[in-house]
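Structure at a glance
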Amino acid sequence: MKRILASCVVCFFFIYTLYAQYDTSQFTGLWVLQSVKFKKPVDLNKDGYRSSDAFWEFDECRKDQQIELFPDYSAKTYLGTSKSGCTNETKQYRWNLKEELVKEVKYELGKRVVDERRPTVLKLNDVTGNDAKVFVVIGVDENILTLKGLVKTGVNITEEAILIYRKRKK
């Protein structure tokens, strides 16, 4: 009887960890952008050199990005707000976390390979419902938030990138 009970408890915790991978309180706070790494090199600043590291390509205003996630599931993004001479841009969102089916298609040795998985996704939906930002959560702890998502590299052009944020203490 004890073995059956112990097995049930272990099974419960295994299933719980699959569906409750992240606690939403881990995400709340003000996160400051530290790094943006592109899958393929890009030339954002049109200097003739391509780099996978966006911080070589971004100007000082574009480097100045923050995201603030509140416990009531509201959120704000800030662009250029802490640097002088930048055009300040603040947007309001609602945020949530979900496990979603993500398909990644790649070609290996001439064959199409589809990788399906269910990662945790951080969604930011603007108040009008017209603009949504979707990021796959790679990891989060008390100081670092790592996301994968699409970043604008030009007019109507986006590239996949890894974004690393550091939590700012208030």
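Residues numbered from 1 in each chain as written. Predicted model: local features only at pLDDT ≥ 70, side-chain atom pairs only at ≥ 80, totals over all residues. Heavy atoms only, no water.

**Considering the overall build of the protein**
Note the following rule: In DSSP terms, a helix is any run of H or I states spanning at least four residues, a strand is any run of E spanning at least two, and both are numbered starting from the N terminus. Exposed residues in this analysis have more than 50% of their type's maximum accessible area, buried residues have under 20%, and partly exposed residues fall in between, with area computed by a 1.4 Å probe over protein chains only. Contacts are assigned to residue pairs that have any heavy atoms within 4.5 Å of one another. Throughout, the Shrake-Rupley method with a 1.4 Å probe supplies accessible areas, and for residues the shown protein chains are the sole cover considered.
Helix and strand counts for the protein stand at three helices and 11 strands. Across the 170 residues of the protein, 32% fall into the buried class. Partitioning the intrachain contacts of the protein with sequence separation of at least 6 by distance along the chain shows that 40% fall at a separation of at least 24. Carbon and sulfur atoms make up 55% of the accessible area of the protein, which totals about 11,500 Å².

**Examining the confidence of the model for the protein**
Note the following rule: Confidence scores per residue from the predictor, reported as pLDDT, run from 0 to 100.
Of the residues in the protein, 87% have a pLDDT of 70 or more, and the chain-wide mean is 84. In the model, residues 4-20 has pLDDT below 50 throughout and makes one contact with residues more than four positions away in sequence or in other chains.

**Overview of the nonpolar core**
Stated precisely, the cut-off is as follows: Throughout, nonpolar core names a set of buried Ala, Val, Leu, Ile, Met, Phe, Trp, Tyr and Cys residues whose side chains join them through atoms within 4.5 Å.
With 26 residues, the main nonpolar core has Phe 27, Val 36, Phe 38, Leu 69, Leu 124 and Tyr 165 as its most contacted residues. Listed by contribution, the elements that provide at least two residues to this core are strand S1 (29-42), strand S3 (65-69), strand S5 (89-99), strand S8 (120-126), strand S9 (132-140), strand S10 (144-154) and strand S11 (157-168). Not counting chain neighbours up to four residues away, the residues in contact with Tyr 165 comprise Trp 31, Val 32, Leu 33, Gln 34, Ile 67, Asn 143, Ile 144, Leu 145 and Leu 147.

**Concerning the pairing of S10**
Note the cut-off: DSSP bridges decide pairing: two strands pair if at least two such bridges lie between them.
Examined bridge by bridge, S9 and S10 share four bridges and lie antiparallel to one another. Within the sheet, the bridge partner assigned to Val 137 lies in S10 and is Leu 147. Counted along the chain from S9 to the antiparallel partner S10, the turn is three residues long. Of the strand pairs in this sheet, S10 and S11 are connected by 10 bridges, and their pairing is antiparallel. Bridge assignment links Ile 144 to a residue of S11, and that residue is Arg 166.

**Quick look at the packing of aromatic side chains**
We describe a pair of aromatic rings using the distance from one ring centre to the other and the angle between the two ring planes. For the record, the criterion: Under the pairing criterion, centres of Phe, Tyr and Trp rings, with the six-membered ring standing for Trp, must be within 6.5 Å; the plane angle then separates stacked pairs below 30 degrees from edge-to-face pairs above 60, leaving the rest tilted.
For the coordinates displayed, the defined rule picks out three aromatic pairs. Judged by centre distance (4.9 Å) and plane angle (45°), the ring pair of Tyr 73 and Trp 95 falls under tilted. In this pair, Tyr 73 sits in the loop between S3 and strand S4 (74-79) while Trp 95 sits in strand S5, placing the two residues 22 residues apart along the sequence. The class of Tyr 73 is partly exposed, set by a relative accessible area of 32%.

**Considering the environment of Asp 53**
The test is simple: Whenever a nitrogen or oxygen atom comes within 3.5 Å of another N or O atom, the pair is scored as a polar contact, on the condition that within protein one atom can donate a hydrogen and the other can accept it, and that pairs from neighbouring residues in sequence are kept only if both atoms are in side chains.
Counting through the fold element by element, Asp 53 comes out in strand S2 (residues 51-53). It is 6.3 Å that separates the C-alpha atoms of Asp 53 and Phe 38, two residues lying 15 residues apart in sequence. With residues up to four places along the chain from it excluded, the contact list for Asp 53 reads Val 36 and Lys 37. Separated by 3.0 Å, the side chain of Asp 53 and the backbone nitrogen of Phe 55 make a polar contact.

**Considering the environment of Phe 70**
Positionally, Phe 70 belongs in the loop between S3 and S4. Distance in space between the C-alpha atoms of Phe 70 and Phe 27 is 8.4 Å, their sequence separation being 43 residues.

**Some points on the state of the cysteines**
Test applied: Any two cysteine sulfur atoms lying within 2.5 Å of each other are counted as a disulfide.
Within the structure shown, the criterion is met by one disulfide. Shown here is the disulfide that connects Cys 61 with Cys 86, its sulfur atoms set 2.0 Å apart. Looking down the S-S bond of the Cys 61 and Cys 86 bridge, the torsion is -90°, so its handedness is left-handed. Here Cys 86 lies in the loop between S4 and S5 and Cys 61 lies in helix H3 (residues 60-63), a separation of 25 residues in the sequence.

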